[in-house]
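# Commentary on secondary and tertiary structure
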Amino acid sequence: MEETSAAHLLVIGAGPGGYAAAFLAADLGLQVTLIDQEKNPGGVCLFRGCIPSKALLHAAKIITHAKDAKELGIEFGSPKIDLDKVRGWKNSVVLKLTSGLGQLCTMRKIRFIQGKAEFLDPRAVKIEKAEGGSERISFDHAVLATGSKPVSLPFAPLSKRIMDSTSALDIENIPQKLLVIGGGYIGLELATVYNALGSKTSVVELTPNLLPGIDSDLVDILKKRLFRSFENILLNTKVVKVGEKAQGVSVTFEGPDKKSSTQDFEKVLVAVGRKPYCKDLGLEHTGVKITQEGFVQVNEKRQSADPGIYAIGDIAGQPMLAHKASHEGMAAVRAIVSGKDGFYPKAIPAVVFTDPEIAWCGLTEKEAKEQGRDIKVLKFPWAASGRAVTLNRIDGLTKVVADSKSGRVLGVAMVGDGCAELISEGVLAVEMGSVADDLALSIHPHPTLSETVMEAAEIFSGQSTHFYKPKG
């Protein structure tokens with residue numbers, strides 16, 4: 001016989017958005033039920049995305065830095081890679097974090113159910129439990145946080161030799177020759193991992209540049225290093241056919257000249273984007289509306305067209321970022337509790353964890369110009385940074401986009417080794433309505449890469465200590 005229960009708040013999906021919403025709701029005194037198909041909270045980010053990929057990228061970075069040390073007069077032998085240990089370490093990171101979240105659920109007295117949810121009507125769902133059996137749960141409010149999944153190519157079905165971003169993280173072996181289809185951030189991050197581990201890596205991208213939509217000043221610096229380390233980078237090139245062979249995969253390309261060519265690879269990784277996971281949820285039994293892009297339509301409170309159901313994270317629109325989902329989840333809960341809160345960020349940071357990294361927040365130079373704003377673009381090259389020189393990593397740039405009259409910081413962008421840890425200062429500047437002089441007059445420790453933000457801001461007034469730009 002089917003069980004029945006009730007909850008003040010039902011959260012479907014226990015990724016960074018879902019568990020952040022559930023935790024805050026429980027802290028505010030609501031009775032919370034959290035549903036996910038995994039045995040612990042974490043979602044795609046912790047189980048199959050952000051965390052395992054960054055663990056592998058750290059391993060790749062160690063290998064790359066060891067190779068680069070030769071230029072400093074320190075030479076190591078070729079790395080001996082034990083894939084079982086690499087996988088084991090990566091999996092241990094995931095287990096540690098997800099089991100910790102499970103403990104936090106218990107401590108907060110949140111009811112966690114491993115299973116799949118489907119709406120029966122606007123105020124009830126049916127849960128098919130992983131352990132067997134089903135349960136009908138009625139609720140006052142629900143938060144949808146089901147995330148996204150990789151986009152597949154119809155002519156390249158997944159197999160042992162054709163991977164997506166999920167299976168690529170398993171690293172079953174190090175292919176001698178790897179093709180990555182897609183030059184976006186997921187493709188380039190995974191290409192960085194496999195290349196460092198020893199694969200001869202090629203990337204093919206349909207558009208004229210890598211990382212479409214990202215500031216070309218930043219991408220150009222990354223591209224110089226990738227062209228040196230990758231086997232090949234094919235831009236403005238379409239993949240028209242993928243076929244498995246006895247010993248690999250045959251791929252046919254159509255270049256910008258419309259001429260076709262075919263190459264063989266041991267493995268292919270398809271990384272052409274992600275799409276929101278809205279199917280098989282029974283949303284047709286609710287008042288929830290889906291946009292043409294496949295996202296749940298929400299207002300500033302993250303409330304859907306059905307007033308008792310909220311949506312956050314990847315299914316609620318771009319950007320598909322874990323930290324955006326977390327803040328959306330908390331905003332949705334505050335709106336449910338108070339009826340007043342909303343999600344109004346001025347700067348959502350984004351990071352591409354390649355080598356060098358790329359990070360930005362607020363308005364880009366292109367966006368500011370498209371909005372017709374009168375701006376000053378302040379650029380400080382890392383070649384003028386004492387810390388970057390000591391690290392032998394001068395392949396970097398810090399940019400500040402500021403209003404030309406008031407000096408208000410509209411956006412910050414950077415490329416360089418470790419810049420993911422620097423962008424938060426830019427987020428704070430944009431959110432607080434800081435002006436360039438606020439950054440320039442804030443004393444930064446020397447020698448650090450953080451000084452590049454200060455010195456870029458100094459340029460607004462026409463002078464930067466370590467970078468000379470003639471007037472006129």
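Computed from a prediction, not measured in an experiment: that's the story for all the values here.

## Observations concerning the overall build of the protein
Looking only at helices and strands, the protein has 13 helices and 21 strands in total. What you see for the protein is a C-alpha radius of gyration of 24 Å, in line with the 23 Å of a compact globule of 472 residues. Projected onto the principal axes, the alpha-carbon positions of the protein cover approximately 75 × 65 × 45 Å. Among the 472 residues that make up the protein, the fraction classed as buried is 51%. Intrachain contacts of the protein at a sequence separation of at least 6 include 62% that bridge at least 24 residues. Surface exposure of the protein reaches about 22,300 Å², of which carbon and sulfur atoms provide 53%. For the protein, the centre of its 56 positive side-chain charges and the centre of its 55 negative side-chain charges are spaced 2 Å apart.

## Observations regarding the sheet that holds strand β13 (residues 260–265)
On the basis of which strands lie adjacent, the open sheet formed by 3 strands has the order β11-β12-β13 and antiparallel pairing. Two strands bound the open sheet, and with one partner strand each, they are β11 (238–245) and β13. When the angles between neighbouring strand axes are averaged without regard to direction, this sheet yields 20 degrees. Where β11 and strand β12 (residues 248–254) come together, 7 bridges link them in antiparallel fashion. Considered in β12, the bridge of K238 is made with E254.

## A word on the pairing of strand β4 (residues 124–129)
In terms of strand pairing, strand β3 (residues 111–121) meets β4 through 6 bridges, oriented antiparallel. For F119, the partnering residue across the bridge sits in β4 and is V125. Here β3 folds back onto β4 in antiparallel fashion, the turn holding 2 residues. Pairing analysis gives 5 bridges linking β4 to strand β5 (residues 134–144), with the strands arranged antiparallel. Residue pairing in the sheet places I127 in a bridge with E135 of β5. Between the antiparallel neighbours β4 and β5 lie 4 residues, among them G132 with a positive phi of about 110 degrees.

## What to know about helix α8 (residues 322–338)
Helix length check: α8 (17 residues) gives 24 Å between terminal C-alpha atoms against 24 Å at 1.5 Å per residue, within 8%. Looking at α8, one finds that the buried residues are K324, A325, S326, E328, G329, A331, A332, V333, A335 and I336. Tucked inside the fold, the buried residues of α8 contact β1 (3–12), α1 (16–27), β5 and β16 (309–311). Directly after α8, the chain includes G339, whose backbone phi takes a positive value near 75 degrees.

## Structural notes on the packing of helix α3 (residues 50–68) against helix α6 (residues 185–197)
Put simply, α3 and α6 touch, their axes get as near as 9 Å, and they point 45 degrees apart. The pairing of α3 with α6 is recorded here as oblique in orientation. Crossing angle aside, the handedness with which α3 passes α6 is left-handed. Where α3 abuts α6, its residues S53, K54, L56, L57, A60, I63, T64 and K67 lie against E189, T192, V193, A196 and L197. Of the residues in the contact of α3 with α6, the class split is 7 nonpolar, 3 polar and 3 charged.

## A closer look at unusual backbone geometry
Note that the residue after Q318, namely P319, is joined by a cis bond; omega there is -5 degrees. On the secondary structure map, P319 appears in the loop between β16 and α8. Of the consecutive residues H446 and P447, the connecting peptide bond is found in the cis state with omega at -5 degrees. Here P447 lies in the loop between α12 (436–441) and α13 (451–458). Located in the positive-phi region is L211, a residue other than glycine, with phi close to 45 degrees. Inspection of the secondary structure assignment puts L211 in the loop between β9 (200–204) and α7 (216–229).

The rules we used
Residues numbered from 1 in each chain as written. Predicted model: local features only at pLDDT ≥ 70, side-chain atom pairs only at ≥ 80, totals over all residues. Heavy atoms only, no water. Helix = DSSP H or I, 4+ residues; strand = E, 2+ residues; numbered from the N terminus. Rg over C-alpha atoms; globule rule 2.2 N^0.38 Å. Buried < 20%, exposed > 50% of the residue type's maximum accessible area, 1.4 Å probe, protein only. Contact = heavy atoms within 4.5 Å. Areas by Shrake-Rupley, 256 points an atom, 1.4 Å probe, with all protein chains shown as cover. Lys, Arg positive; Asp, Glu negative; His and termini not counted. Charge placed at Lys NZ, Arg CZ, Asp CG, Glu CD. Pairing = 2+ DSSP bridges. Axes fitted to C-alpha atoms, helices over the stretch in contact; angles between N-to-C directions. Expected span 1.5 Å × (residues − 1). Parallel < 35°, antiparallel > 145°, perpendicular 65-115°, else oblique. Left-handed = near helix turned anticlockwise from the far one by under 90°. Nonpolar A, V, L, I, M, F, W, Y, C, P; charged D, E, K, R; others polar.

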